[in-house]
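These are the residues of each chain, in order.
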Amino acid sequence: MDSVTPVVSSEGGRLSDPEIESEQAQIDHAYACLEKMREHTSELLKHSKGGNPVDDDALRWHLRERLSSLGDSAAPLTFGRIDPEEGGKHYIGRRHVRDGKGDPVVVDWRAKVAAPFYRATIKDPMGLERRRRFVLEGRRLVDVFDENLADPDSMLSSHGGVPDPLLAELGRARTGQMRDIVATIQTEQDLIIRSEIDKFIIVQGGPGTGKTAVGLHRAAFLLYEHREMLERHKVLIVGPNQLFLEYIAHVLPSLGETAAFQTTTEGLAGGLARAKAVDPEYVARIKGDIRMADVLYRACWNRLRPAEQGARTMAGGVILDLPRGTLNALLREHSEKAPSYRDGRERFLEAIKSHLFKTHEHALNTATSDAVETVQSVVKRSEIARAINKMWPAQGAAALVRRVLTSPSALKVASEGLFEAEERRALQAHPARELKERGWSKEDLVLIDEADFLING
């Protein structure tokens, strides 16, 4: 038998070979088991009560997610089978399916036991005797192709190493939505997909070589392999535009995965602004350079100003005094350990309130009915409030980016040692008024998102 040999093809729409009929029966059984799993989960969801409300809500959420992942798909449930040398067989598919006894009927393609389906070769059969690939139309089996990995001589008459199911998939009509490639993943693709989670991977290739498909299947694999961690932290998929996201939207759900968010570069700004301008390529590259993160960080924290003098005000006949040294000591303390600009500012304000209350508590309690409220009012509206706002002013993300893109002095200080003069001029090609009329570019939205993180955490 050749290494890649059609066992039988359908004739007149009917499958005549007993082995084909047996495989069709197994496929039908897998679908029936999946339906039982859905019914069982649905019943659990209907009767998920009895604990406290918080636990009930959490359980129902998990059951709804489970039910969603078990949803029916137009893509075939199982697409192949592997026969280990020690006996037995494993059907490989898009998701794990078990029978009423809990035994596996279909093995998820991401499981370790399924790896030989994609990687086994005649040189390294990975413990397989045979690999069988299915060609299906919906749930109907129309062709079966075997690869005999235990017979090296049979490889001499192989079809160039390209299994017919792959050719069938390549020849299938394209639609307006991207399909998963889980049935036809090649060895090189599988190596990328199953790489360790701590690896930073760049997939390069020409148009139509499967870069996006590999990236999506890697996301699906990581969600399977590290589900507890990634369902908690989530997976973010960023596409160039909404049309692209609509094209790929059905890939992960077809693999039973729902714990991923998809957005565009515009969406990264979280609705902070909208893009309507287009930057020249040179300017876009500068804005996308990692150095811009340092520029924004400096521009953000450069807003802090040490007090040049102390601050004083009167409340309820009591003179409230903040010496210059105290103000600057509190500024240093809270700027050095602040997790974000806003959080540091709030802690700075609270520290000043605490200092005023402690140092003037007795006088305030004697002169006012509510010493705490008096201190709160002083820090909001008084000479002390103006001093605080001058030392640690409030700022917004869009305003921070606008200042970097329009203020030569602010950009020069923030980019010292990072950007050349030519790059600074390119960044500030539009004056403040013109920038406002022109609007933000996509690259600006990413800068605003970074600025929002620096300010708000």
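For the structure, check the block above.
Numbering of residues begins from 1 in every chain and follows the order in which that chain's sequence is written. This being a predicted model, a pLDDT of at least 70 is required before a residue's local features are given, and a value of 80 or more before pairs of side-chain atoms are given or counted; all residues contribute to the totals for chains, interfaces and linings. Heavy atoms from the whole structure form the basis of all side-chain values; hydrogens and water molecules are not counted.

Moving on, we come to the overall build of the protein chain. Numbering of helices and strands runs from the N terminus, with a helix taken as a DSSP run of H or I at least four residues long and a strand as a DSSP run of E at least two residues long. For the protein chain, the helix and strand inventory stands at 20 helices and 13 strands. The cut-offs for exposure are 20% and 50% of the maximum accessible area for each residue type, with area from a 1.4 Å probe on protein chains only; residues under the lower value are buried, those over the upper are exposed, and the others partly exposed. Residue burial in the protein chain is summarised as follows: out of 457 residues, 41% are buried. Residues count as neighbours in contact if any of their non-hydrogen atoms are within 4.5 Å of one another. Sequence separation of at least 24 residues holds for 67% of the intrachain contacts in the protein chain that already meet a minimum separation of 6. Accessible surface for the protein chain amounts to roughly 25000 Å². Of this, 52% is attributable to carbon and sulfur atoms. To be clear on the numbers: accessible area is Shrake-Rupley with a 1.4 Å probe, and residue cover counts the displayed protein chains and nothing else.

This part takes up the environment of K412. Turning to its location among the elements, K412 is positioned in helix α17 (residues 408–414). Placed twelve residues apart in sequence, K412 and R424 show a C-alpha to C-alpha distance of 7.5 Å.

Counting residues in each nonpolar core, the largest one holds 55 residues, and the members touching the most others are L320, F348, I352, L356, I384, V401 and W440. The element contributing the most residues to this core is helix α13 (residues 341–367), with seven residues. Non-local contacts of I352, meaning those with residues more than four positions away in its chain, are made with L322, L327, L330, V379 and I388. Note on terminology: a nonpolar core comprises buried Ala, Val, Leu, Ile, Met, Phe, Trp, Tyr and Cys residues joined through side-chain atoms within 4.5 Å.

If you check the backbone angles, M126 has positive phi at about 55 degrees while not being a glycine. For M126, the location among the structural elements is in the loop between α3 (115–119) and β6 (128–137). On the basis of relative accessibility, which here comes to 34%, the residue M126 falls in the partly exposed class.

This brings us to the pairing of strand β7 (residues 140–148). With eight of its nine residues buried, β7 lies for the most part within the structure. Paired strands, as defined in this entry, are two strands with at least two bridges between them according to DSSP. Of the strand pairs in this sheet, β6 and β7 are connected by eight bridges, and their pairing is antiparallel. Directly across from L136, in β7, lies its bridge partner L141. If you look at the hairpin formed by β6 and β7, you'll find two residues sitting between the two strands, and G138 has a positive phi there, around 65 degrees.

Turning next to the pattern of salt bridges. A side chain of one charge can pair with a side chain of the opposite charge when the charged atoms of the two come close. The working definition used for a salt bridge is a side-chain nitrogen of Lys or Arg within 4 Å of a carboxyl oxygen of Asp or Glu. The full count for this structure, using the stated rule, is 30 salt bridges. Measuring nitrogen to oxygen at the nearest pair gives 2.7 Å for the salt bridge that ties E257 to R227. Placement of E257 in the loop between α9 (251–254) and β9 (260–264) and of R227 in helix α7 (residues 227–233) is noted, with a sequence separation of 30 residues between them. Between D321 and R312 there is a salt bridge, with the nearest N and O atoms lying 3.3 Å from each other. Three or more residues joined by partner-sharing salt bridges are found here, namely E19, E23, R81, D83, R130, R132 and D146.

This next bit is on the packing of aromatic side chains. Here a Phe, Tyr or Trp ring, Trp counted by its six-membered ring, pairs with any other such ring whose centre lies within 6.5 Å, and the pair is stacked when the planes are under 30 degrees apart, edge-to-face when over 60, and tilted otherwise. Overall, the coordinates contain eight aromatic pairs when judged by the stated rule. Centroid distance F79 to F117: 5.8 Å. Interplanar angle 55 degrees. Geometry classified as tilted. You can see F79 sitting in strand β2 (residues 78–84) and its partner F117 sitting in helix α3, a full 38 residues away along the chain. An identical accessibility class is assigned to F79 and F117; each is buried. When the centroid spacing of 6.3 Å and the interplanar angle of 35 degrees are considered together, the rings of Y91 and F134 count as tilted. Of this pair, Y91 sits in strand β3 (residues 90–93) while F134 sits in strand β6, and the two are 43 residues apart along the sequence. Residue Y91 is classed as buried on the basis of its relative accessible area of 7%. Site record: aromatic cluster; members linked through ring pairs are Y297, W301, Y341, F348 and W392. Criterion for a charge above a ring: Lys NZ or Arg CZ within 6 Å of the ring centre, and within 35 degrees of the ring normal. Above the plane of the ring of F117 lies R133, whose end atom (NZ or CZ) is 5.1 Å from the centre. Its end group placed over the ring of Y31, R139 keeps NZ or CZ at 3.9 Å from the ring centre.

On a regular strand, each side chain points to the face opposite its neighbour's, so the side chains alternate between the two faces of the sheet. In this structure, β2 lies alongside β3, joined through four bridges in antiparallel fashion. The residue bridging T78 from the neighbouring strand is G93, located in β3. Hairpin connection between β2 and β3: a loop of five residues separates the two successive antiparallel strands, and G87 in this loop has a positive phi of roughly 110 degrees. Relative to strand β5 (residues 104–108), β3 runs parallel, the two being bridged by two bridges. Looking at β5, one finds that G93 is bridged to D108.

A word on the environment of P339. If you trace the backbone, P339 turns up in the loop between α12 (324–336) and α13. According to the relative accessible area criterion, P339 is exposed, its value standing at 57%. Spatially, the C-alpha atoms of P339 and G457 are 6.9 Å apart, while their sequence positions differ by 118 residues.

You can see R131 is positioned in strand β6. Polar contact is defined as a pair of N or O atoms within 3.5 Å, subject to the rule that within protein one atom must be able to donate a hydrogen and the other to accept it, and that residues adjacent in sequence are counted only when both atoms are side-chain atoms. Of note is the side chain of R131, whose polar atom sits 3.0 Å from the backbone oxygen of A120. With residues up to four places along the chain from it excluded, the contact list for R131 reads R81, I82, P116, F117, Y118, R119, A120, F145, D146, E147 and L149.

Here we come to helix α14 (residues 371–380). Regarding α14, the residues found buried are A371, T374, V375, V378 and V379. Buried positions in α14, seen along its axis, are confined to an arc of 130 degrees and lie on one side of it. For α14, exposure combined with an orientation more than 90 degrees from the buried face picks out E373 and K380. Throughout, the arc means that of the directions going from the helix axis to the C-beta atoms.

Turning our eyes to something else, we now look at the environment of R218. Considering the arrangement of structural elements, one finds R218 in helix α6 (residues 211–225). We classify R218 as buried; its relative accessible area is 10%. The sequence separation of R218 and L191 amounts to 27 residues, and the corresponding C-alpha distance is 9.8 Å. Setting aside chain neighbours within four positions, we find R218 in contact with I192, I193, R194, S195, E196, I197, K199 and I201. There is a polar contact of 2.9 Å between the side chain of R218 and the backbone oxygen of E196.

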